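Descriptive structure summary
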Amino acid sequence: MSRKVMSKEYMQTHREDLRAAYYAQSPKSRKARLLSKKERKELGIGKDEGHATAKYVRIAPSKVNIVLKLIRGKSLKEAEAILRYTNKVAAPVLQKLLASATANAVNNNELSAEKLYVAEAYANEGPTMKRFQPRARGGAGKILKRSSHISITVREKQEA
């Protein structure tokens, strides 16, 4: 399988078609079309969002996802307020991550902080540390210390 390499001139002349094809979902899978980093930069893909990732966070993904469900789709101010008053272990980590994603959107892509909302928020499973605890009659109980890779993406609300 070889990929067609696009020249800069071709990308500039067919910019709208390429962006539409990139954002269109394929019928077979939900994966986005593959473009190189240089091609995405040239087409301006990803310039309408801010993204931040925290890896190897020592909190189970199931516990993180409980808090992420609360802020997904909310405006930036509302999400910050929810995280501030949520009494969960993951809340301070997500507060810091949301601030980082906001800073990336505002400083790198010149987006307005007032119009931002949490577009995507998910926690994937990271590596699991396996430990054992002594049990009765010479047995051993398995302890799984789970970790997470957390990602948050903020975008500007489109005004209709």
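In the block above lies the structure referred to throughout.
Residues numbered from 1 in each chain as written. Predicted model: local features only at pLDDT ≥ 70, side-chain atom pairs only at ≥ 80, totals over all residues. Heavy atoms only, no water.

At a closest axis distance of 9 Å, the pairing of helix α4 (residues 61-71) and helix α5 (residues 76-84) adopts a crossing angle of 145°. The two elements α4 and α5 cross, and the hand of that crossing is right-handed. Together, V67, L70 and I71 of α4 and A79, I82 and L83 of α5 make up the contact between the two elements. Its residues assigned to classes, the contact of α4 with α5 comprises 6 nonpolar, no polar and no charged. (Axes fitted to C-alpha atoms, helices over the stretch in contact; angles between N-to-C directions. Helix = DSSP H or I, 4+ residues; strand = E, 2+ residues; numbered from the N terminus. Left-handed = near helix turned anticlockwise from the far one by under 90°. Contact = heavy atoms within 4.5 Å. Nonpolar A, V, L, I, M, F, W, Y, C, P; charged D, E, K, R; others polar.)

Another point: the side chain of N109. Tracing the chain through its elements places N109 in helix α6 (residues 90-109). Take N109: its relative accessible area is 15%, and that puts it in the buried class. A polar side-chain atom of N109 sits 2.4 Å from the main-chain carbonyl oxygen of E49. Filtering out sequence-adjacent residues up to four positions away, N109 remains in contact with G46, K47, E49 and N104. (Buried < 20%, exposed > 50% of the residue type's maximum accessible area, 1.4 Å probe, protein only. Polar contact = N/O pair within 3.5 Å; in protein donor to acceptor, adjacent residues only side chain to side chain.)

Turning to α5, its buried residues are L76, A79 and L83. Along the axis of α5, the buried positions cluster into a sector of 65°, meaning they face one direction only. Turning to α5, the residues buried within the fold contact α4, α6 and β2 (116-125). (Arc of directions from axis to C-beta.)

Looking now at the pattern of salt bridges. Scanning the model with the defined rule gives 3 salt bridges in all. Between R155 and E120 there is a salt bridge, with the nearest N and O atoms lying 3.2 Å from each other. Residue R155 is located in strand β5 (residues 148-156), and its partner E120 is located in strand β2; the two are separated by 35 residues in the primary sequence. Notably, a salt bridge pairs E125 with R146, separated by 3.5 Å at the nearest N-O pair. (Salt bridge = Lys/Arg side-chain N within 4 Å of Asp/Glu carboxyl O.)

A word on the packing of aromatic side chains. Enumeration according to the criterion identifies 0 aromatic pairs in this entry. For K157, the ring lying beneath its charged end belongs to Y117, and the centroid distance is 4.4 Å. (Phe/Tyr/Trp six-rings, centres within 6.5 Å; stacked < 30°, edge-to-face > 60°. Lys NZ or Arg CZ within 6 Å of the ring centre and 35° of its normal.)

The phi torsion at E110 lies on the positive side, around 50°, for a residue other than glycine. As for its position among the elements, E110 is in the loop between α6 and β2. The exposure class of E110 is exposed, given its relative accessible area of 65%.

Any link to function would need more than the numbers given here.
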